[in-house]
Amino acid sequence: MSGPPPIEVRDLRKVFRQTTTGQSVVAIERLDLNIAPREVVAIVGQTGCGKSTFFDLMIGLEQPSGGSIRIGDKSPYSDFDYFRGRMATVFQQDRLLPWRSAIDNVRLPLELIGLPDEVQHERSLSWLKRLGLEKFTNAYPHELSGGMRQRVAIARAFVVQPDILLADEAFGHLDEVTAAELRETFLALAREFGSTAILITHQLEEAIGVGDRIIVFGKSAALLADVRVAAWPKSEYLLLREAIQATLQSNRPDPRLAR
Amino acid sequence: MHREEQRESVLDPRFPRQTLVSILVFAVVWEVMSHLAPSLGIPAFAIPSFVRIGQSLLTITPIDVAVTLARVIGALAVSFVLGLVLAMAMYRSQSLENYLHPLIRILMAVPVVSWILFAVLWFRGVEFRIGFVLVAVCGPVFLIDSLDAMRGVPRELRGMMRSFRPTTLQYFVKLMLPAIVPNIITSWKINLSLAIRVVTIAELVGAVTGIGHQLAVAQELFSVADVFAWTLVLVALLFLLEAMVIHIENRLLRWRA
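Residues numbered from 1 in each chain as written. Chains lettered and ligands numbered in written order. Predicted model: local features only at pLDDT ≥ 70, side-chain atom pairs only at ≥ 80, totals over all residues. Heavy atoms only, no water.

Peer 1: Account for the overall build of chain A, with residues named and values stated.
Peer 2: Tallying secondary structure elements over chain A gives seven helices and nine strands in all. Against the compact-globule benchmark of 18 Å for 259 residues, chain A has a radius of gyration of 19 Å, which places it among compact chains. Along the three orthogonal principal directions, the C-alpha set of chain A runs to about 55 × 45 × 45 Å. Counting the 259 residues in chain A, one finds 51% classified as buried. Long-range pairs, those at least 24 residues apart, make up 65% of the contacts in chain A with a sequence separation of at least 6. Of the roughly 11500 Å² of accessible surface on chain A, 47% is carried by carbon and sulfur atoms. (Helix = DSSP H or I, 4+ residues; strand = E, 2+ residues; numbered from the N terminus. Rg over C-alpha atoms; globule rule 2.2 N^0.38 Å. Buried < 20%, exposed > 50% of the residue type's maximum accessible area, 1.4 Å probe, protein only. Contact = heavy atoms within 4.5 Å. Areas by Shrake-Rupley, 256 points an atom, 1.4 Å probe, with all protein chains shown as cover.)

Peer 1: Tell me about the pattern of salt bridges, residues and numbers included.
Peer 2: Applying the stated rule across the entire model yields 26 salt bridges over all chains. R183 of chain A is paired through a salt bridge with E176 of chain A; the nearest N and O atoms lie 3.0 Å apart. Assessed through its relative accessible area of 11%, R183 of chain A is described here as buried. Residue K189 of chain B pairs with E249 of chain B through a salt bridge whose shortest N-O separation is 2.9 Å. One end of the pair, K189 of chain B, is in helix α9 (residues 168–204); the other, E249 of chain B, is in helix α11 (residues 224–252), and 60 residues separate them in sequence. The class of K189 of chain B is partly exposed, set by a relative accessible area of 28%. Where salt bridges share partners, they join R100, D104, R107 and E111 of chain A together with K174 of chain B into one cluster. (Salt bridge = Lys/Arg side-chain N within 4 Å of Asp/Glu carboxyl O.)

Peer 1: Outline the side chain of T68 of chain B, listing residues and values.
Peer 2: Here T68 of chain B lies in helix α4 (residues 62–92). Each residue touching T68 of chain B, except ones within four places of it in the same chain, is listed here: V199, E203, G210 and I211 of chain B.

Peer 1: Kindly report on a nonpolar patch on the surface, identifying the contributing residues and their values.
Peer 2: Residue and element names in this part refer to chain B. A contiguous nonpolar surface patch, about 470 Å² in accessible area, is contributed by L24, V28, V32, L36 and L40. Counting through the fold element by element, L36 comes out in helix α2 (residues 17–36). Under the relative-accessibility criterion, L36 is labelled partly exposed at 40%. (Patch = residues over 30% accessible without salt bridge, like charges linked within 9 Å, V, L, I, M, F, W, Y side chains within 5 Å.)

Right under this line is the structure:
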């Protein structure tokens, strides 16, 4: 197994033109970033800092205005089809298709890849079992709790065993207990399958608890800090949190983060 | 009986008491009028009794009902496929929509009578004329409803689907079509009643079979009883078709229960 390829973001720029005023808005201003295979990276930043735009660019839903994102030797935008089954996403809301049962939601990415029906069914079922939803395979999303729906969304992401996983505020809308539980599940699965994971979050506890690295975005996705969590003993997590908080508030790198 | 159960039995759509009462009252008034008509100076044939209407119902020719039904279903199927395919193309291409949308709005404003006259002037075959009129009237409804419904599919679901990188066909089959099923069903309900009315008018002009033709014959014979009987068949046909659509709706949308 070759494992996931490295991710290189070079001089990335994204500019939107506002339809009402015709003015240009810079969402991302010259971002450089490297993400190693199997790394779990948490990206934090204030609302409107360009996190979600970066997420869309990473998925390949948006075309960069300048610069590039390379995953191995491929671009998620130009080589859109190449990443079918190699990249998966978990969103803030579960975004399950309401007309599909839990198992049919999980099998959706497998259908898109075109695997045989029996394989789709077996794999989807085993993932639902793994996430403790074996009694709810035929339940529709509206019959499930928020936490259960997000479990289905996680199963849907992992069912293709992707090289790259992206999660956009995936646990932020859940209660703290459920969110912590699902974070752990997500992280354990990402580690088990050796996927590179990028989590966008505004919750610093989540970033510190999950990420190997924490990338702090300032305005227009300016790279304010790139923190290796392993360099911080658990006893100093509170200090780390304060330093990231200070960085976000001042839009300048806090000196305490230099390690 | 509990209050809730009582309420349910009153509102049960299978036994709508108010509907039964109103139909019964109408029938009694009609029957009384049919007997009083001659003494009021109204010709007896103008308000036939239910016995006379019953006799007309016995003369209903199933082949005419079947022909009209086939015309309606065939034309609606063609309208649906054309409308849906064009809606998908317009959803994919903004410039195509910019060109076609105004044209379709204009087509929708054309009265049915004008379509019938165009059909008579342009085409020779009766079936083609009727089909043309029905498709011209019902097609745009399917198209506009489908297009509006596609535009209304939540952005979140569209983004989720695209993140899994479907082909264009998969995108429509797995997301768009299931998402717009409720709107498609509504369009079918609207178009069914529209098509039943339009087909009758279209059959009045030049057709030698079908309910519309039989209505024209009844009019020539001054037989209100026959007109009443054929109209009853038309209404029953519409209810039957609507019941079929509702049955399909219940099956397809059971996830909303």
